[in-house]
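Summary of the model geometry
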Amino acid sequence: RFFTFGKEEKINMARKRMFDSEIIGQDRFLDLSLETKAIYFLLGMGADDEGFVSPKRVLKLHGGNDKHLQELINANFLIKFETRCSFLYTLVEKR
């Protein structure tokens, strides 16, 4: 059975995000500071469908800093890509 979605349904689906309990239950996630865990979830909510996110807005709105991003990079939950004029990050889902 096929479903057709109108514009409103597509927008609502794009706003939803899921996090894998196996990933957030790993020791390397549990070892993160509470603030860094919160930043991880906030970045996930702001990421596009491929997991790419520009963290500047998230950090400014919620009081995070580069230390939290570096903690996520060190734990292999975030990858940093250098672009021509800024940095882009992607969330990683390794088990």
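For the structure itself, look to the data block above.
Worth saying up front: this structure is predicted, and the values here are computed from it rather than measured. (Residues numbered from 1 in each chain as written. Predicted model: local features only at pLDDT ≥ 70, side-chain atom pairs only at ≥ 80, totals over all residues. Heavy atoms only, no water.)

1. Notes on the overall build of the protein
Assigned secondary structure in the protein consists of six helices and three strands. Ordered by position from N to C terminus, the α and β elements of the protein give α-α-α-α-β-α-α-β-β. In the protein, 55% of the contacts between residues at least 6 apart in sequence involve partners at least 24 apart. Just so you have it, the protein exposes about 7,300 Å², and 53% of that area is on carbon and sulfur atoms. (Helix = DSSP H or I, 4+ residues; strand = E, 2+ residues; numbered from the N terminus. Contact = heavy atoms within 4.5 Å. Areas by Shrake-Rupley, 256 points an atom, 1.4 Å probe, with all protein chains shown as cover.)

2. So, the side chain of Gln26
Note that Gln26 resides in the loop between helix H2 (21-24) and helix H3 (27-30). A polar side-chain atom of Gln26 sits 2.8 Å from a polar atom in the side chain of Arg28. (Polar contact = N/O pair within 3.5 Å; in protein donor to acceptor, adjacent residues only side chain to side chain.)

3. Brief notes about the nonpolar core
In terms of nonpolar packing, the biggest core is built from 17 residues, with Tyr40, Leu43, Leu72, Phe77 and Leu78 touching the most fellow members. If sequence neighbours within four positions are ignored, Phe77 has contacts with Ile23, Gln26, Arg28, Phe29, Leu32, Tyr40, Leu72, Thr90, Leu91 and Val92. (Core = buried A, V, L, I, M, F, W, Y, C linked by side-chain atoms within 4.5 Å. Buried < 20%, exposed > 50% of the residue type's maximum accessible area, 1.4 Å probe, protein only.)

4. Concerning helix H4 (residues 34-46)
Every α-helix carries 3.6 residues per turn, so stepping three or four residues along brings you back to the same face. Here H4 contains 13 residues, and its C-alpha end-to-end distance of 19 Å stays within 8% of the 18 Å for a straight helix at 1.5 Å per residue. Taken together, the buried positions of H4 are Thr36, Lys37, Ile39, Tyr40, Leu43 and Gly44. All buried residues of H4 project into a common sector of 160 degrees when viewed along the axis, lining one side. (Expected span 1.5 Å × (residues − 1). Arc of directions from axis to C-beta.)

By themselves, these figures tell us nothing about what the structure is for.
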